[in-house]
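Understanding the architecture of this molecule
Each chain is listed here by its residues.
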Amino acid sequence: ETYRHRRDLMLKGLREIPEIRVLNPGGAFYVFPNIGGFGLSAEDFAMKLLNEARVAVVHGSGIGEHGEGHVRMAFCVADDLIVEGIRRIAEWARSRRA
């Protein structure tokens, strides 16, 4: 139940960011959102997010050939960390639109 709540918390926040599309995961403790709306490679997105928003994600291209355009985000952390991470991503995304 805890992981379901954290998953739903992360999905809700990510779905409020227009450049991100994300499906419900099939049973893992991470989501694999499509970040193609940013116009960056998965690796560039991950590095910019780390350096500019202080949020760490794993670029999908490092996971396999079909991972490009996606990042891996774990929801096996406390609720407040999920909320803060999503807030930082959303703020970073808004700054890129300006």
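Residues numbered from 1 in each chain as written. Predicted model: local features only at pLDDT ≥ 70, side-chain atom pairs only at ≥ 80, totals over all residues. Heavy atoms only, no water.

1. Some words on the overall build of the protein chain
Looking only at helices and strands, the protein chain features three helices and three strands. Each helix and strand of the protein chain, ordered N terminal to C terminal, gives the series α-β-α-β-β-α. Relative to a compact globule of 98 residues, whose C-alpha radius of gyration would be 13 Å, the protein chain shows 12 Å and is just as compact. If you line up the protein chain on its principal axes, its C-alpha atoms span 35 × 30 × 20 Å. A buried classification covers 37% of the 98 residues belonging to the protein chain. Long-range contacts, defined here as pairs at least 24 residues apart, represent 58% of the contacts in the protein chain between residues at least 6 apart. If you sum the accessible surface of the protein chain, you get close to 5,900 Å²; carbon and sulfur atoms cover 52% of it. (Helix = DSSP H or I, 4+ residues; strand = E, 2+ residues; numbered from the N terminus. Rg over C-alpha atoms; globule rule 2.2 N^0.38 Å. Buried < 20%, exposed > 50% of the residue type's maximum accessible area, 1.4 Å probe, protein only. Contact = heavy atoms within 4.5 Å. Areas by Shrake-Rupley, 256 points an atom, 1.4 Å probe, with all protein chains shown as cover.)

2. Considerations on the packing of helix α2 (residues 42–53) against helix α3 (residues 79–97)
The geometry of α2 relative to α3 is characterised by a closest axis approach of 10 Å and an angle of 105° between their N-to-C directions. By the angle between their directions, the pair α2 and α3 is classed as roughly perpendicular. Contacts between α2 and α3 involve Phe45, Lys48, Leu49, Glu52 and Ala53 from the first element and Arg88, Ile89, Trp92 and Arg96 from the second. (Axes fitted to C-alpha atoms, helices over the stretch in contact; angles between N-to-C directions. Parallel < 35°, antiparallel > 145°, perpendicular 65-115°, else oblique.)

3. What about the nonpolar core?
Formed by 25 residues in total, the largest nonpolar core has its most connected members in Phe38, Phe45 and Met73. Put simply, the parts of the chain that give this core at least two residues each are α1 (2–15), α2, β3 (71–74) and α3. Here this core gets six residues from one element, more than from any other, and that element is α3. With near-sequence residues (within four places) excluded, phenylalanine 38 lies in contact with Ile17, Glu19, Ile20, Phe45, Trp92, Ala93 and Arg96. (Core = buried A, V, L, I, M, F, W, Y, C linked by side-chain atoms within 4.5 Å.)

4. Quick look at α2
Taking 1.5 Å of rise per residue, the twelve residues of α2 would be expected to cover 16 Å, and the 15 Å separating its terminal C-alpha atoms lies within 8% of that figure. Residue arginine 54 follows α2 closely and has a positive phi angle near 60°. (Expected span 1.5 Å × (residues − 1).)

5. Focus: the packing of α1 against α3
Two numbers describe how α1 lies on α3: the axes approach to 10 Å, and their chain directions differ by 10°. Between α1 and α3, the crossing angle belongs to the class labelled roughly parallel. Seen from α1, the contacting residues are His5, Arg6, Leu9, Met10, Gly13 and Leu14; seen from α3, they are Asp79, Ile82, Val83 and Ile86.

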